[in-house]
Amino acid sequence: MILEGKRVLITGGAKRVGAAVAVRLARSGCRVALHCRASVAEGERLLSELPGSGHSLHVMDLTPSGAPERLCREVGTFELLVNNASVFFRPGSPEDAAASELYSRLNFHVPAELLNLFAAQNLTSGAAVNLTDCAVLAPGAGAYYESKLALTRLTESLAVRWGPENLRVNAIAPGAVLPPAWAPASRMTKILAATPLHRAVAPSDIADLVEFTFRCDSLTGAVIPLDGALHLSEKSPFGGI
């Protein structure tokens, strides 16, 4: 697919991985629709720095009923979709224990609704990518895990359903990238020690892979690990395989 001039919607696009993806796709000629919820200042700054033209910022909480539809109406037609917005709390914390419904809503149902809205545009061609988690490539449990696993399975199912319509969808399953604010340095160190490459995944690597999934017209239904082989390691916190 030629990316020049294509409109891309990136959820959670104001900072961290989403921002790296936005910059990469803008440099490739895409017109970027940045979505954010609370990171408005970061989103406005990123919007002013993106190369090219035709970019926009959309501030919205996607969890209420009907919010994905409202976001798509604001953005207009978009040929590319990056489902990046997600939530993750410290495992075993009170927030994690209380987040079952939020995990299900934001990590699975919102991306699923956006995928349906994307497909309903009757495009002649298009592509989507879902950011999941390398944890789903090994046995696991918990509400966060289940939400990301459901999105992974949906990716595979939609690839088959959408193929005749020339719509493609893939998933990227990252390992350790950037630690969340609550994560102590010791936890990141432990995960990287279990990673065969012994290093974190660079946000720019994820951005490059997102671009590749969009450009490669034969790629659909793939769940691509980008984790330094963490999911294969016997020392993996996910149990290895």
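Here the residue index of a chain counts from 1 through its sequence in written order. Only residues with pLDDT of at least 70 are given local features in this predicted model, and only at 80 or more are side-chain atom pairs given and counted; all residues enter the totals for whole chains, interfaces and linings. Heavy atoms from the whole structure form the basis of all side-chain values; hydrogens and water molecules are not counted.

Participant: Can you walk me through the side chain of Glu211 in this structure?
Facilitator: With respect to the secondary-structure elements, Glu211 resides in helix 8 (residues 203–215). Aside from chain neighbours lying at most four places away, what touches Glu211 is Leu3, Arg24, Leu25 and Ser28. What counts as a helix is a DSSP run of H or I of at least four residues, what counts as a strand is a run of E of at least two, and both are numbered from the N terminus. Between two residues, a contact is recorded if the distance between any of their heavy atoms is within 4.5 Å.

Participant: Which parts of the structure should I look at to understand the environment of Leu197?
Facilitator: Secondary-structure assignment places Leu197 in the loop between helix 7 (185–194) and helix 8. Here the term buried applies to any residue with accessible area under 20% of the maximum for its type, exposed to any over 50%, and partly exposed to those in between, with areas from a 1.4 Å probe on protein chains only. Classification of Leu197 by relative accessible area gives partly exposed; the value is 45%. Linking Leu197 and Arg73, residues 124 residues apart in sequence, is a C-alpha distance of 43 Å.

Participant: In this structure, what is going on with the sheet that holds strand 2 (residues 31–36)? I would like to understand it.
Facilitator: Adjacent strands of a sheet form backbone hydrogen bonds with each other and so pair up, either parallel or antiparallel. At least two DSSP bridges between two strands are needed for those strands to be called paired. Spatial strand order, 3-2-1-4-5-6-7: seven strands in an open sheet with parallel pairing. Lying at the two open borders of the sheet, with one neighbouring strand each, are strand 3 (56–59) and strand 7 (223–226). Put simply, the sheet's adjacent strands are angled 15 degrees from each other on average, direction ignored. As paired strands, strand 1 (residues 7–10) and strand 2 are joined by four bridges and run parallel to one another. Looking across to strand 2, one finds that Leu9 is bridged to Ala33. To obtain each axis, a line is fitted to C-alpha atoms, and for helices this fit is confined to the stretch in contact; angles are then taken between N-to-C directions over 0 to 180 degrees. This element, helix 5 (residues 100–119), spans strand 1, strand 4 (80–83), strand 5 (126–131) and strand 6 (167–174) of the sheet and lies at about 175 degrees to strand 4. The sheet contacts of helix 6 (residues 143–162) involve strand 5, strand 6 and strand 7, and relative to strand 6 the element is tilted by about 155 degrees.

Participant: So what exactly am I meant to see when it comes to the pairing of strand 2 here?
Facilitator: For a regular strand, the rule is simple: side chains alternate between the two faces of the sheet. Taking burial as the measure, the six residues of strand 2 include five buried ones, the bulk of the element. Here strand 2 pairs with strand 3 via four bridges, running parallel. Directly across from His35, in strand 3, lies its bridge partner His58. Taking the sense of rotation as the criterion, the β-α-β connection linking strand 2, helix 2 (residues 40–49) and strand 3 turns out right-handed. Crossover handedness is defined by viewing with both strands directed away from the observer: a clockwise path from the first strand over the helix to the second marks the crossover as right-handed.

Participant: Mind showing me how you'd approach the packing of aromatic side chains here?
Facilitator: What describes a pair of aromatic rings is the distance from one ring centre to the other and the angle between the planes of the rings. Two rings from Phe, Tyr or Trp (for Trp, the six-membered ring) form a pair when their centres sit within 6.5 Å of each other. Planes less than 30 degrees apart are called stacked, planes more than 60 degrees apart edge-to-face, and all others tilted. With the rule as written, the count across this model stands at four aromatic pairs. Where Phe88 meets Tyr144, the ring centres are 4.5 Å apart and the plane angle is 45 degrees; that geometry is what we call tilted. Note that Phe88 is positioned in the loop between strand 4 and helix 4 (94–97) and Tyr144 in helix 6, a separation of 56 residues in sequence. For Phe88, a relative accessible area of 31% gives the class partly exposed. Note on Tyr144: relative accessible area 14%, which makes it buried.

Participant: How do you make sense of the packing of helix 5 against helix 6 when you look at a structure like this?
Facilitator: Packed helices, taken two at a time, are described by the angle their axes make and the gap between the axes. Packing of helix 5 against helix 6 brings their axes to within 8 Å, and their N-to-C directions diverge by 15 degrees. Between helix 5 and helix 6, the crossing angle belongs to the class labelled roughly parallel. Between helix 5 and helix 6 lies a crossing whose hand is right-handed. Residues Ser100, Tyr103, Ser104, Asn107, Phe108, Pro111, Ala112, Leu115, Phe118 and Ala119 of helix 5 pack against Ala143, Tyr144, Ser147, Lys148, Ala150, Leu151, Leu154, Leu158 and Trp162 of helix 6. All amino acids are sorted into three groups, where Ala, Val, Leu, Ile, Met, Phe, Trp, Tyr, Cys and Pro are nonpolar, Asp, Glu, Lys and Arg are charged, and the leftover types, Gly among them, are polar. Looking at the contact of helix 5 with helix 6 residue by residue, the class counts come to 14 nonpolar, four polar and one charged. Between 65 and 115 degrees an angle is taken as roughly perpendicular, under 35 as roughly parallel, over 145 as roughly antiparallel, and anywhere else as oblique. A crossing counts as left-handed when the near helix is turned anticlockwise from the far one by less than a right angle, and as right-handed when that turn is clockwise.

Participant: Whenever I open this one, the packing of helix 3 (residues 67–75) against helix 5 confuses me. Can you help?
Facilitator: Between helix 3 and helix 5, the least distance of the axes is 9 Å, while the angle of their chain directions is 45 degrees. Of the possible angle classes, the one that applies to helix 3 and helix 5 is oblique. Relative to helix 5, helix 3 is oriented so that their crossing is right-handed. Packed against helix 3, whose contacting residues are Pro68, Glu69, Leu71 and Cys72, the element helix 5 presents Arg105, Val110, Glu113, Leu114 and Leu117 at the interface. Here the residues of the contact of helix 3 with helix 5 are counted per class, giving six nonpolar, no polar and three charged.

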